Amino acid sequence: IAAAVIALVFVRFPFLTMPIAFAAWYMSMDLVPLILRREDFSWDDRKLVSVIVGLAMIVVSYIGDRRTKQDFSFWGYLFGMIAFWGGLSLLDSGSELNKFLYCMLNVLLMLLSVWLSRKVFMVFGALGVFGYLGYLSYHVFEDSMLFPFALSLLGILLIVCAVMYQKNEKRIESFFDRTIPGPLKRFRPMSRV
């Protein structure tokens, strides 16, 4: 991390943020138990740490994204989303309400993708929403001959949604830009404004 930060100071090359983001994410898994001086660090604890570290990486990437025109934030967003979404998806939700809230959070990630013009949020958000829909279809159609058809329908729906978004991406973003109130526009990253 230190070598990449020093290199980044002298050479403004966005790819140098990749080893920083990757190593920071990986280091957090080993550093937190050392800081807390706990040897009995369970997988549930690691998932929670992953969610917190991922969210912190996303926030830091957003702050960096707002300050530069070059794309120094891509790798921070990517590894932040891997940590945040992966940890969140692996946590035991317990109730149907929590599972629904997880789905709504993924819908929010998809909207955030349009706001930030970052496809990484759309990919993870879509995976989460369709994972939730797959969970519902498995429970609704459990032990049913209709289950394979429901699963196939979800797959086709995913493909159709992706194609429709890809075809209309510019129109969706311009509609989004027109409907955002003026004071909120200043919170978009510099390169997206």
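These numbers come from a predicted model, not from an experiment. (Residues numbered from 1 in each chain as written. Predicted model: local features only at pLDDT ≥ 70, side-chain atom pairs only at ≥ 80, totals over all residues. Heavy atoms only, no water.)

**A short note on helix α2 (residues 17-36)**
Consideration 1: The first and last C-alpha atoms of α2 sit 27 Å apart over 20 residues, in line with the 28 Å expected at 1.5 Å per residue.
Consideration 2: At Ser28, α2 shows its maximal kink, close to 40°.
Consideration 3: Buried within α2 are the following residues: Thr17, Ile20, Ala21, Trp25, Ser28, Met29, Val32 and Pro33.
Consideration 4: In this fold, the buried residues of α2 make contact with α1 (2-10), α3 (43-67) and α4 (74-90). (Helix = DSSP H or I, 4+ residues; strand = E, 2+ residues; numbered from the N terminus. Expected span 1.5 Å × (residues − 1). Bend = angle between axes of the 7 residues up to and from the residue. Buried < 20%, exposed > 50% of the residue type's maximum accessible area, 1.4 Å probe, protein only. Contact = heavy atoms within 4.5 Å.)

**Describing the side chain of Ser61**
Consideration 1: Mapped onto the elements, Ser61 comes out in helix α3.
Consideration 2: Among the polar contacts listed, one links the side chain of Ser61 to the backbone oxygen of Met57, at a separation of 2.8 Å. (Polar contact = N/O pair within 3.5 Å; in protein donor to acceptor, adjacent residues only side chain to side chain.)

**Here we look at the pattern of salt bridges**
Consideration 1: The tally for this structure, following the rule as stated, stands at three salt bridges.
Consideration 2: When the shortest N-O distance is used, the salt bridge between Arg118 and Asp65 registers 3.2 Å. A residue pair is termed long-range when its members are at least 10 positions apart, and Arg118 in the loop between α5 (96-116) and α6 (119-140) and Asp65 in helix α3 qualify at 53 residues.
Consideration 3: Among the ionic pairs, Asp71 bridges to Arg118, the shortest N-O distance being 2.6 Å. Here the residue Asp71 occupies a position in the loop between α3 and α4, and Arg118 occupies one in the loop between α5 and α6, the gap between them amounting to 47 residues. (Salt bridge = Lys/Arg side-chain N within 4 Å of Asp/Glu carboxyl O.)

**Notes on the nonpolar core**
Consideration 1: Among the nonpolar cores identified, the biggest contains 14 residues, and Ile58, Tyr77, Met81, Trp85, Val120 and Phe121 are the most heavily contacted of them.
Consideration 2: The set of elements that each furnish at least two residues to this core consists of α3, α4, α5 and α6.
Consideration 3: Residue contacts for Met81: discarding those within four places in its chain leaves Ile58, Gly86, Leu109, Val120, Phe121 and Phe124.
Consideration 4: The next biggest cluster of nonpolar side chains, apart from the first, holds 10 residues, and it includes Phe41, Val49, Val53 and Ala83. (Core = buried A, V, L, I, M, F, W, Y, C linked by side-chain atoms within 4.5 Å.)

**Some words on the environment of Asp177**
Consideration 1: Along the chain, Asp177 falls in helix α8 (residues 169-179).
Consideration 2: As a C-alpha pair, Asp177 and Val114 span 63 residues in sequence and 9.6 Å in three-dimensional space.
Consideration 3: Excluding residues within four positions of it along the chain, Asp177 makes contact with Lys185 and Arg188.

**Description of the packing of α2 against α4**
Consideration 1: Their axes nearest at 8 Å, the elements α2 and α4 cross at an angle of 20°. Viewed along their axes, α2 and α4 adopt a mutual orientation that is roughly parallel. Taken as a pair, α2 and α4 cross one another with a handedness that is right-handed. Across the interface between the two elements, Thr17, Met18, Ala21, Phe22 and Trp25 of α2 pack against Trp75, Gly76, Phe79, Ile82 and Ala83 of α4.
Consideration 2: Within the contact of α2 with α4, the residues separate by chemical class into eight nonpolar, two polar and no charged. (Axes fitted to C-alpha atoms, helices over the stretch in contact; angles between N-to-C directions. Parallel < 35°, antiparallel > 145°, perpendicular 65-115°, else oblique. Left-handed = near helix turned anticlockwise from the far one by under 90°. Nonpolar A, V, L, I, M, F, W, Y, C, P; charged D, E, K, R; others polar.)

**A closer look at the packing of aromatic side chains**
Consideration 1: Inspection of every chain in the model, using the stated rule, returns 12 aromatic pairs.
Consideration 2: Ring geometry for Trp75 against Phe79: centres 6.1 Å apart, planes inclined by 25°, an arrangement best described as stacked. Of this pair, Trp75 and Phe79 are both found in helix α4, four residues apart, which corresponds to roughly one turn of the helix.
Consideration 3: One aromatic cluster in this structure is built from Phe13, Phe15, Phe22, Trp25, Tyr26, Phe74, Trp75 and Phe79. (Phe/Tyr/Trp six-rings, centres within 6.5 Å; stacked < 30°, edge-to-face > 60°.)

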